[in-house]
Amino acid sequence: MADEKELRCLVDGEPVNLEGSLRLSELEVGLRNRIKRDYPQSKVDDYICGHHLLKYRLEHVDALINADMKQTRKINQKLTKALQSDDYDIIDVNDTLKDSLTFGQKVSDDVARFGGSWGFIFVFMFVLIGWMLVNGLHLFGVNFDNYPFILLNLVLSCVAAIQAPIIMMSQNRSADRDRMMAENDYHVNLKSEHELRLLHAKVDHLAQNQVPHTMEIARFQLEILGEIRQELAELRTREPRRDSAKRRESHHENMDHS
């Protein structure tokens with residue numbers, strides 16, 4: 001096994017020790033690939049010093065952040081585009097039909113509304129009973145339709161013949177209203193589904209990519225802080241040595257002068 005003094009950084013070739021360096025095989029795949037991109041001749045058993053590793057870790061953190069921001073921006077653009085999409089305008093069916101009503105359509109709606117009410121039934125029963133009493137009992141000397149009330153049957157047949165198509169006209173308008181409402185519901189559901197897919201994609205991106213990247217970035221930050229503290233500790237240990245060496249040199253110079 002190689003001695004610690006023989007270990008050298010693959011970046012600048014300077015001697016390194018085991019405490020202040022790491023082997024490439026001990027690094028994450030993304031970080032190792034980033035180093036191998038700059039130094040293709042490097043091997044997995046090569047070492048890199050903490051100073052240069054700090055640079056690559058910062059670059060890797062920036063790459064993760066930029067990738068997350070780019071993906072988030074892309075999803076937000078799609079979501080904004082879907083929210084602002086004007087491919088189909090949702091219309092108010094009642095207002096649209098109300099503005100386009102003709103006189104005949106208004107009459108058909110009123111006839112259908114009155115024909116399907118208790119008021120029409122009471123009025124119709126009152127007219128039938130009055131007609132039969134007047135003609136059957138000869139009240140007030142009136143006798144224009146004797147039993148079996150053939151004229152009454154003719155009037156009822158005419159009323160039914162006229163009332164049926166008028167009611168069908170109103171039903172056709174109801175069918176148009178239902179069709180327009182169904183189209184509105186379809187487009188609303190389609191637009192909502194598209195927006196929900198984008199929201200699901202955004203949530204999946206947060207859960208699968210951004211959250212793990214955030215945890216990885218936090219771990220990198222802790223490692224970077226540890227390396228910075230280690231370098232500061234090394235600088236602090238070097239400064240007393242330099243001071244002592246300077247004091248010894250000045251002492252020797254004073255002795256020489258004396």
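Residues numbered from 1 in each chain as written. Predicted model: local features only at pLDDT ≥ 70, side-chain atom pairs only at ≥ 80, totals over all residues. Heavy atoms only, no water.

A closer look at the overall build of the protein
- Helices and strands together make up the secondary structure of the protein, namely six helices and two strands.
- The secondary structure elements of the protein, listed N-terminal to C-terminal, are β-α-β-α-α-α-α-α.
- Counting over 258 residues, the protein shows a buried share of 21%.
- Put simply, of all contacts in the protein between residues at least 6 apart along the chain, 68% involve residues at least 24 apart.
- Total accessible area on the protein is roughly 18,900 Å²; 59% of this is exposed by carbon and sulfur atoms. (Helix = DSSP H or I, 4+ residues; strand = E, 2+ residues; numbered from the N terminus. Buried < 20%, exposed > 50% of the residue type's maximum accessible area, 1.4 Å probe, protein only. Contact = heavy atoms within 4.5 Å. Areas by Shrake-Rupley, 256 points an atom, 1.4 Å probe, with all protein chains shown as cover.)

Digging into helix α1 (residues 29-38)
- Restricting attention to buried positions, one finds in α1 the residues L31, R32, R34 and I35. All buried residues of α1 fall inside an arc of 160° around its axis, so they share one side. Turned more than 90 degrees away from the buried face of α1 sit V29 and R37, all of them exposed. (Arc of directions from axis to C-beta.)

A closer look at unusual backbone geometry
- Following Y147, the chain continues into P148 via a peptide bond in cis, with omega recorded as 15°.
- Structurally, the position occupied by P148 is in the loop between α5 (118-137) and α6 (150-257).
- Of note, F149 is a non-glycine position whose phi angle comes to about 55°, a positive value.
- As for its position among the elements, F149 is in the loop between α5 and α6.

Considering the pattern of salt bridges
- Per the counting criterion, the structure on display carries four salt bridges.
- One salt bridge connects R113 with D110, and the closest N-O pair in it is separated by 2.8 Å. Taken together, the residues span about one helical turn, with R113 and D110 both in helix α4 (residues 103-115) at a distance of three residues.
- Residue classification places R113 among the exposed positions, given a relative accessible area of 55%. (Salt bridge = Lys/Arg side-chain N within 4 Å of Asp/Glu carboxyl O.)

A few points about the nonpolar core
- With 18 residues, the main nonpolar core has L27, I35 and I48 as its most contacted residues.
- For this core, the leading source of residues is helix α2 (residues 50-83), giving four residues.
- Setting aside its immediate chain neighbours within four residues, I48 contacts C9, L10, V11, S21, L22, L24, L27, I35, L53 and Y56. (Core = buried A, V, L, I, M, F, W, Y, C linked by side-chain atoms within 4.5 Å.)

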